[in-house]
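Examination of the molecular architecture
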Amino acid sequence: MKKFLFVMLFSFLASVSFANHTKGGWMYYEYLGPGSAANTLKYRVTLKLYTICILSSGQFNQTINFSFFDGATNQSLFDVPVTYSTDPNTQNCNTSECHPCMTQIPTICYKIITYETVIDLPKTANGYTIAYQRCCRIANINNIQSSNSVGETWTVKIPGTATAGAETNSSARFSQNDTAIICEGNSFTFDFSAIDINNDSLVYTFASAYSGANNTNPAPNSASNPPYASVPYSSGYSGTSPLGSGVTINRQTGIVTGIGPSSGIYVITVIVSEYKRGTNIKIAEVRKSLHIEVTNCSLTEAKLKPEYTSCDGFTVDFINGSTANIQTYDWDFGDGFTSTQPTPSHTYADTGIYILKLVVNRGLACSDSATAPVKVYPGFFPDFAMLGQCQNVPVQFNDLTTATYGVPDKWEWDFGDPSSTTNTSILKNPTHIYNATGTYNVTLVVFSSKGCYDTLRKTIDILDQPPLTLQPKDTLICIIDTLQLNAVGAGTFTWSPNYMISDVNVPNPLVSPDITTNYYITMADAFGCTATDSIKINVKNFVTQFGGPDTSICRTDPVVLQLTSDALHFLWTETPSNNTLNNPRIKNPTATPLVTTTYHVVGNIGKCIAEDDIVVSPIPYPAANAGPDNTICFGNSAQLSASGGSIYSWSPGAFLTATNIPNPQSIKPTDNVRYIVTVRDVLGCPKPAKDTVFLFVAKIKANAGPRDTSVVLDQPLQLGATGSINYSWTPTTWLNNPLISNPVALPRNDIEYIVRVSNNAGCFAFDSIRVRVFNIKPDLLVPNAFTPNGDGNNDVFKPILIGMRSLDVFMVYNRWGQMLYSGSGNDAAWDGYFAGRKQETANYVWYAEGVDYLNNKIKRKGSVILIR
């Protein structure tokens, strides 16, 4: 277990050590002259490796290997160990003094680790490719998929002697301008320019960033052989469009400009290619990769669209692209009208081109201005039509756009068929051939001579043939009949064969074949698409029909009339007529007769007919009878008795002597039971019928009230018994009525009354109550001591009610007058506790009051000793 934990801990530390930290960089070389040995050249090779500014252990190597490869064959040659020389942090100025017109100024920091070596290399025609690889890039990069596990490759190629003089070239060097700030949604400039000591011509392009190394082997001793794979770009981004379509690079200056994309981190790679001045001979190239952070900072600027075009009215809405630290707005709409609103809306009086001007913070700090043309040409309505819809046949697309001002003069079609090499067109009315069936989304972007443009999208369903419907389907006709065919479609029609048909060139000819014939229809539409279909007409000399044997059913059951027939149409009638068919015009209707019924059917194919009868006789279900419901006393048994058939099955089987006979016994059931008997008959309807009998078990529990009670002489006592519906009290002495549940007793002496409780089924039980008669006045008798020790004797302190109707107040106090207990009701009692704590042995004061049976109030007080 300890060894396992150690391995797990080591793996965790290793993953932390090689966590995401690289942020780009670049590799370059400098020619220093002839080498020390004959036929060699001396170069200085430098790697600028960019990382996060604070590195963890394992993310920095003092010595790394530069891997050298043949510049043409990519064969691995050797590795050269290189030790770092410097590793300073480069950080932008993030104060308002440096950026007075920016809000939320970000902090941008790179650690630039420099590895540099001087090496003599043999002259070769192929030159050398040098590379170093490391994992992993910083996490959460917007334009790379799964950037947490993507490594980097830094590489440069020293040209060989194949290009004359190229071997003595020194590569271009990028300027160190890495901390420029890019704000989301704001215009920016980023300098990727380079210098060349040879004064060669430089050309700049965006390029794909290289991946290299991985989480499994984050710091390989040797780089893998070239060529190197591109990182996996996220949708909407690529090596040539790393920040989206709104950002470009100037090929002559290396200046990257555009509008900042959404906040996040982006990988951008720029290649500077070096050409011998005055020629198109490429000598070398250097690639620089940076992880650029776009933040939600904002610039104070007048930021307009390149142009505004209103093609659907004279009113144009304006808004500045930046709101950061803007105090005033001055809009000039170019027609003599102005506004100071932040987001004005202006209605032009006429069509035309106007020059819009915006000045923000006029006369204040961070003032800026911008202009843009406004083109007002309403009445631009794009539309197009699609003619044809067959695969492998040209579909004609016609522009139907109308413009009140100017004319449509530019079209950009996308036929929604990306697998086709002709998926797009700039013609006004192009054609396109779809090679596969399916639904395609067609897009037209149309422009006018006045600068209006709009996008319209429609869908087109490409079919393998034009729509063609043929009615009827394959069918039968009588030999003496004529049938009309009906083809529905748009085009010209041709039928074959030309046999017993009225016209082979109309969609709805009449046919009257005397033998079974297949007729074929070919339809050609106006676009060259053809569709075919066919119908088989089976010619019959007569109708073949058989109703089958007569049958019987269980009454109320449905039955499907199983007619065998090749007729096309049917008409059923029934005798007697009781409307028992679900549909009298289908081949096999469902019947539900309650009496014996004769069903007559006429089937026809045109003028050929056939008739037949089917007799259906309903037989009643078995008359299942489980017998009447019954009530028995608890502990007794009951006899069940069913009738109505010859086969019986009882459920549940609980307490039964048998479940497959008509008359089982239920032996001493302990509770009510619902028995279901299923009855079948070997004669008549074979289906089962069910009936239910309830067996109720009466459980009598007599209750005469409390076991003992007491009264004073002349006090009436209301007795109360429960348990059933019939009651009988003995002895009857001093009772006003011994045959009710609640007689009134006026006992003169101690007596025990016994009550017999019974139901109408003869079930009964007994209970009794002892009555003690005191020859005293009603009173509250209170003991003078109690022992709350849990032994069941004298555990609580309470008054004894003699002749009392109720105890209304009962309170207990300690010697300091603190009330420890207060209660009411005939069961009020103190247990010797207060606030959850046992009270000590001591003398306590009590007070009680109540009402006697004559409604006289009685009050008593005294003391009691608590003994523990």
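On a predicted model such as this, the values are computed, not experimentally measured, just so you know.

A word on the overall build of the chain. Along the chain, the regular secondary structure elements total one helix and 72 strands. With the C-alpha coordinates aligned to their principal axes, the bounding extent of the chain is approximately 145 × 120 × 75 Å. Residues counted as buried form 42% of the 868 residues belonging to the chain. For the chain, long-range pairs separated by at least 24 residues make up 62% of all intrachain contacts whose partners lie at least 6 apart in sequence. Of the roughly 43,600 Å² of accessible surface on the chain, 52% is carried by carbon and sulfur atoms. Positive and negative side-chain charges in the chain, numbering 58 and 66 respectively, have mean positions lying 12 Å apart.

Attention now goes to the pattern of salt bridges. It is possible for side chains of opposite charge to pair when their charged atoms get near one another. If you walk through the whole model with that rule in mind, you get 19 salt bridges. Glu30 is paired through a salt bridge with Arg44; the nearest N and O atoms lie 2.9 Å apart. Of this pair, Glu30 sits in strand β1 (residues 22–34) while Arg44 is found in strand β2 (residues 40–51), placing the two residues 14 residues apart along the sequence. For Glu30, a relative accessible area of 17% translates into the label buried. Accessibility expressed as a relative area gives 25% for Arg44, which makes it partly exposed. Note that Lys42 and Asp120 form a salt bridge whose closest N and O atoms lie 2.8 Å from each other. Within this pair, whereas Lys42 is found in strand β2, its partner Asp120 is found in strand β7 (residues 109–122), the two being separated by 78 residues in sequence. Residue class for Lys42 comes out partly exposed when judged on its relative accessible area of 22%.

Let us now look at the environment of Thr469. Of note, Thr469 is situated in strand β36 (residues 469–471). In this structure, the C-alpha to C-alpha distance between Thr469 and Gly489, residues 20 residues apart in sequence, is 6.7 Å.

Evaluation of the coordinates by the stated rule reveals seven disulfides. Linked covalently through their sulfurs, Cys135 and Cys136 form a disulfide whose S-S length is 1.7 Å. Measuring the twist about the S-S bond at about 75°, one finds the Cys135-Cys136 disulfide to be right-handed. Across the pair, Cys136 and Cys135 agree in class, each one buried.

With that settled, the discussion passes to the layout of surface pockets. Of the pockets and cavities examined, the largest pocket occupies roughly 600 Å³. Forming the boundary of the largest pocket are 24 residues, of which Thr709, Ser710, Leu801, Met804 and Asn826 lie nearest the centre. Class assignment for the residues of the lining of the largest pocket results in 14 nonpolar, seven polar and three charged. Taken as a whole, the second largest pocket holds about 430 Å³ of empty space. At the level of secondary structure, the elements contributing two or more residues to the lining of the second largest pocket comprise β9 (152–158) and β18 (282–295). The element best represented in the lining of the second largest pocket is β18, accounting for six residues.

Bringing empty space enclosed by the protein into the picture now. Scanning all chains against the criterion turns up three cavities of 30 Å³ or more. Taken as a whole, the largest cavity encloses approximately 100 Å³ of empty space. Every residue lining the largest cavity is counted, 14 residues in all, and those nearest its centre are Gly25, Thr153, Trp154, Arg287 and Ser289. Of all the secondary structure elements, the ones that give two or more residues to the lining of the largest cavity are β1, β9 and β18. Looking at the lining of the largest cavity, the element that brings in the most residues is β9, giving four residues. Here the residues of the lining of the largest cavity are counted per class, giving five nonpolar, five polar and four charged.

Turning our attention to the sheet that holds strand β52 (residues 630–633). One open sheet holds the four strands; their spatial order is β52-β57-β56-β54, and the pairing between them is mixed. The sheet is open, and its two edges are formed by β52 and β54 (647–651), each paired on a single side. Sheet twist, expressed as the average angle between the axes of neighbouring strands with direction ignored, equals 25°. Pairing of strand β56 (residues 673–680) with strand β57 (residues 689–698) involves seven bridges; the strand directions are antiparallel. Bridge assignment links Tyr675 to a residue of β57, and that residue is Val693.

Right, let's talk about the packing of aromatic side chains for a bit. A full pass over the atoms with the stated rule returns 29 aromatic pairs. With centroids separated by 5.4 Å and ring planes inclined at 65°, the aromatic side chains of Tyr50 and Tyr110 adopt a geometry described as edge-to-face. With Tyr50 in strand β2 and Tyr110 in strand β7, this residue pair connects regions lying 60 residues apart in the sequence. Accessibility classification places Tyr50 together with Tyr110 in one group, the buried group. Ring geometry for Tyr308 versus Phe318: centroids 5.2 Å apart, planes at 70°, classification edge-to-face. One end of the pair, Tyr308, is in strand β20 (residues 308–310); the other, Phe318, is in the loop between β21 (315–317) and β22 (329–332), and ten residues separate them in sequence. The same class applies to Tyr308 as to Phe318, namely buried. Among the aromatic residues, those joined into a cluster by ring pairs are Phe786, Phe797, Phe810, Tyr821, Trp830 and Tyr844. Between Arg287 and the ring centre of Tyr210, over which it is positioned, the NZ or CZ distance is 3.7 Å.

Right, let's get into the side chain of Thr40. For Thr40, the position within the fold is in strand β2. When its relative accessible area of 12% is taken as the criterion, Thr40 is described as buried. A polar contact of 2.6 Å, which involves the side chain of Thr40, links it to the backbone oxygen of Ala37.

Right, let's talk about the sheet that holds strand β34 (residues 438–448) for a bit. Taken in spatial order, the four strands make up an open sheet running β32-β31-β34-β35, and their pairing is antiparallel. Of all strands in the sheet, those with a lone pairing partner are β32 (424–425) and β35 (453–462), marking the two edges. Pairing analysis gives ten bridges linking β34 to β35, with the strands arranged antiparallel. Paired with Tyr440 across the bridge in β35 is Ile460.

For the rest of this paragraph, the subject is the environment of Phe810. Here Phe810 is to be found in strand β67 (residues 804–813). On the basis of relative accessible area, Phe810 is assigned to the buried category, the value being 0%. Phe810 sits 688 residues away from Pro122 along the chain, and the two C-alpha atoms are 118 Å apart. Once you skip the residues sitting within four places of it in the chain, Phe810 turns out to touch Phe797, Lys798, Pro799, Tyr821, Ser822, Gly823, Ala828, Ala829, Trp830, Trp846, Tyr847 and Ala848.

What tends to happen in soluble globular proteins is that the nonpolar side chains get buried as a cluster. Met27, Leu47, Phe66, Phe192 and Val256 are the most contacted members of the largest nonpolar core, which has 57 residues in total. In contact with Leu47, not counting residues within four places along its chain, are Trp26, Met27, Ile64, Phe66, Ile113, Thr114, Tyr115, Tyr132 and Trp154. Core analysis: the second largest hydrophobic core is formed by 22 residues, Leu717, Ala721, Tyr727 and Ile769 among them.

The subject of this paragraph is the pairing of strand β8 (residues 128–134). Taken across its seven residues, β8 has seven buried, putting it largely inside the fold. Examined bridge by bridge, strand β3 (residues 63–70) and β8 share four bridges and lie antiparallel to one another. Considered in β8, the bridge of Ser67 is made with Ala131. Where β8 and β9 come together, seven bridges link them in antiparallel fashion. Note on β9: the bridge partner recorded for Thr129 is Lys157.

Predicted coordinates in areas of low pLDDT are best not read in detail. With 98% of its residues at a pLDDT of at least 70, the chain reaches an overall mean of 91. Contacts for the low-pLDDT stretch residues 1–18, under 50 throughout, to residues beyond four places or in other chains number ten contacts.

Conventions and cut-offs
Here the residue index of a chain counts from 1 through its sequence in written order. Local features in this predicted model are restricted to residues of pLDDT 70 or higher, and side-chain atom pairs are both shown and tallied only at a pLDDT of 80 or more, whereas totals for entire chains, interfaces and linings draw on every residue. Only hydrogens and water are set aside; all other atoms, that is, all heavy atoms of the structure, feed into the side-chain values. Helix and strand labels come from DSSP, where a helix needs a run of H or I of at least four residues and a strand needs a run of E of at least two; each type is numbered from the N terminus. Burial status follows relative accessibility: with a 1.4 Å probe on protein chains alone, a residue under 20% of its type maximum counts as buried, one over 50% as exposed, and anything between as partly exposed. Should any heavy atoms of two residues lie within 4.5 Å, those residues are considered in contact. For the area figures, the Shrake-Rupley method with a 1.4 Å probe applies, and any residue is considered shielded solely by the protein chains shown. Positive residues here are Lys and Arg, negative ones are Asp and Glu, while His and the chain termini are left out of the count. A single reference atom marks each charge: NZ on Lys, CZ on Arg, CG on Asp, CD on Glu. Here a salt bridge means any side-chain nitrogen of Lys or Arg lying within 4 Å of a carboxyl oxygen belonging to Asp or Glu. Cysteine sulfur atoms are paired as a disulfide whenever they fall within 2.5 Å. A 1.4 Å probe that fits but cannot get out identifies a cavity on a 1 Å grid over protein atoms alone, an open set with protein on both sides within 12 Å along at least five of seven lines counts as a pocket, and a residue lines either if it has an atom within 4 Å of a point. Grid points are joined across faces, edges and corners, and a volume is the space filled by probe spheres set on the points. Three classes are used: nonpolar for Ala, Val, Leu, Ile, Met, Phe, Trp, Tyr, Cys and Pro, charged for Asp, Glu, Lys and Arg, and polar for all others, with Gly counted as polar. Strand pairing is assigned whenever DSSP identifies at least 2 bridges connecting the two strands. Orientation is described by lines fitted to C-alpha atoms, with helices fitted over the stretch in contact, and by angles between N-to-C directions that extend from 0 to 180 degrees. We call Phe, Tyr and Trp rings a pair once their centres come within 6.5 Å, taking the six-membered ring for Trp, and we label the pair stacked below 30 degrees between planes, edge-to-face above 60, and tilted otherwise. Our definition puts a charge over a ring when NZ of Lys or CZ of Arg is within 6 Å of the ring centre and also within 35 degrees of the ring normal. Here a polar contact is taken to be a pair of N or O atoms separated by no more than 3.5 Å, where protein atoms must pair a possible hydrogen donor with a possible acceptor and residues adjacent in sequence count only if both atoms sit in side chains. Here, nonpolar core refers to any group of buried Ala, Val, Leu, Ile, Met, Phe, Trp, Tyr and Cys residues whose side-chain atoms link them within 4.5 Å. Every residue gets a pLDDT, meaning the predictor's confidence in that residue, from 0 to 100.

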